[in-house]
2 protein chains.
Amino acid sequence: MKVPAHARAHKRQELSVLTRHLRGQSRKITGPRQAILEILRRHPHPMTNREIFAAMPKGRCDLATIYRAMHLLEEMGMVKRFDFGDGAARFELVGEGDDGHHHHLICTRCAGVVEIDECFLREIESRIAARNRFKAVTHKLEFFGICPACQR
Amino acid sequence: MKVPAHARAHKRQELSVLTRHLRGQSRKITGPRQAILEILRRHPHPMTNREIFAAMPKGRCDLATIYRAMHLLEEMGMVKRFDFGDGAARFELVGEGDDGHHHHLICTRCAGVVEIDECFLREIESRIAARNRFKAVTHKLEFFGICPACQR
DNA sequence: AAACAACTGCAATCGGCTTGCAATTGAGCG
DNA sequence: CGCTCAATTGCAAGCCGATTGCAGTTGTTT
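Computed from a predicted structure; not experimentally measured.

Student: Just checking my understanding: could you explain the overall build of chain A for this structure?
Tutor: Broken down by element type, chain A carries six helices and six strands. With the C-alpha coordinates aligned to their principal axes, the bounding extent of chain A is approximately 45 × 45 × 30 Å. A burial count over chain A gives 47% of its 152 residues as buried. Looking at chain A alone, contacts between residues at least 24 apart form 52% of all its contacts between residues at least 6 apart. In the structure as shown, chain A presents an accessible area of about 8,100 Å², 50% of it carried by carbon and sulfur atoms. Between the mean site of the 26 positive side-chain charges and the mean site of the 18 negative ones, chain A shows a separation of 4 Å.

Written out as structure tokens, the structure is:
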């Protein structure tokens, strides 16, 4: 499964970005937070907190710390939360200037993930907003299917 | 928030449908199952198991029974599962001949639900399937926003 | 009416996630 | 550089949706 464009493009200076953003809010640049970003940077697809925890050099930090860090990073817009419907949140690094909005195609057999870079719903979104007089309409969309390997 | 077309159209003879379907699999037509369908029929929007439980005449059955029943009804295609991203599954009755596929517009303030009858993604779905050589591609899509009432 | 599989209630349990609290640590400052 | 204090962390307890093992109950079939 290929690495998507947005992964290639943006994932360089998370640390400096982190530093800048955190400093601006009098928050601290800590080991766990750096480690999490480092792990996410190396990983092409959304990860659960548990996966991040497992990827961390031998219990370098507590699982609760990861949960807390992900909330923080999400608030700061450095990370995007995805929901694959299996009850565990997944997170992906967001490149600078990118809003991180995209979708996934998930194999229901092996749980492999393909990123779908385009989003086709922007226009439909505003149509729906107008028609129902809603404001600030967003959407969550994921595709599911059976990947080539699992078809055999 | 209006009652959507598919709700008006199909929710009549669930009991006979239930009977037929269950008989075909040597399963039983029990009080709890009838009660659940009755409740879903009266309710225009997807319900959580807890809500179904609460709507049931004074602890008429156990919560675990509802969880089990919903799995069964889902397998039988009589009920459709939705995920609004708040960690609780929701279920909606599926009309006969209908596959129950549609989407929702959910208010992030008051949790009100509007059904979106159309689905715009069938074509995109097959494009994505072809492009990635996936089979049996489906999708989950929900819209979120702020409803008229909550905007004031 | 009997017989048996399906079903239910109950209680224990699981997994994701959150939280209170005491101990630790990073950042600004003298 | 070392001090100070708020931010952060680890730990353990706990919450909530959901699942499960088991013993007792019930629907269906004959």
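Student: What am I meant to see in the pairing of strand 3 (residues 89-93) of chain B here?
Tutor: The side chains of a regular strand alternate, residue by residue, between the two faces of the sheet. Counting buried positions along strand 3 of chain B gives four out of five residues, so the element sits mostly inside the fold. The hairpin turn running from strand 2 (residues 79-83) of chain B into strand 3 of chain B, its antiparallel successor, is five residues long, and Gly 85 of chain B in that turn takes a positive phi close to 80 degrees.

Student: Got a minute to help me understand the pairing of strand 5 (residues 113-116) of chain A in this structure?
Tutor: Residue and element names in this part refer to chain A. The alternating pattern of strand 5 places Val 113 and Glu 115 on one face and Val 114 and Ile 116 on the opposite face, and all of these are buried. One ladder, built from four bridges, connects strand 4 (residues 103-107) with strand 5; its direction is antiparallel. Opposite Ile 106, over in strand 5, you have Val 113 as the bridge partner. Hairpin connection, strand 4 to strand 5: the antiparallel pair is bridged by five residues, and Ala 111 has positive phi, about 65 degrees.

Student: Help me out: how do you make sense of the protein's contact with DNA strand D in this one?
Tutor: Taken together, 22 residues lie near DNA strand D, and Thr 30, Arg 33, Asp 62 and Thr 65 of chain A together with Ala 89 of chain B sit nearest. Expressed as a percentage, the sugar and phosphate content of the atoms of DNA strand D within 4 Å of the protein is 66%. Contact between DNA strand D and Ile 29 of chain B: a phosphate oxygen at 3.4 Å from a main-chain N or O atom of the residue. The contact in question runs from a phosphate oxygen of DNA strand D to an N or O atom on the side chain of His 71 of chain B, over 2.8 Å. Elements supplying a minimum of two residues to the surface near DNA strand D: helix 3 (31-42) and helix 5 (63-75) of chain A together with helix 5 (63-75) of chain B. Top element by residues in the surface near DNA strand D is helix 5 of chain B. It accounts for four residues. Classifying every residue of the surface near DNA strand D by side-chain character gives seven nonpolar, five polar and 10 charged.

Student: Any chance you could explain the environment of Met 76 of chain A here in plain terms?
Tutor: Residues and elements named next belong to chain A. Structurally, Met 76 can be placed in the loop between helix 5 and strand 2 (79-83). As a C-alpha pair, Met 76 and His 21 span 55 residues in sequence and 7.3 Å in three-dimensional space. When neighbours within four sequence positions are excluded, Met 76 is seen to be in contact with Leu 18, His 21, Leu 22 and Gln 25.

Basis of the calculations
- Residues numbered from 1 in each chain as written.
- Chains lettered and ligands numbered in written order.
- Predicted model: local features only at pLDDT ≥ 70, side-chain atom pairs only at ≥ 80, totals over all residues.
- Heavy atoms only, no water.
- Helix = DSSP H or I, 4+ residues; strand = E, 2+ residues; numbered from the N terminus.
- Buried < 20%, exposed > 50% of the residue type's maximum accessible area, 1.4 Å probe, protein only.
- Contact = heavy atoms within 4.5 Å.
- Areas by Shrake-Rupley, 256 points an atom, 1.4 Å probe, with all protein chains shown as cover.
- Lys, Arg positive; Asp, Glu negative; His and termini not counted.
- Charge placed at Lys NZ, Arg CZ, Asp CG, Glu CD.
- Pairing = 2+ DSSP bridges.
- Near = heavy atom within 4 Å.
- Polar contact = N/O pair within 3.5 Å; in protein donor to acceptor, adjacent residues only side chain to side chain.
- Nonpolar A, V, L, I, M, F, W, Y, C, P; charged D, E, K, R; others polar.

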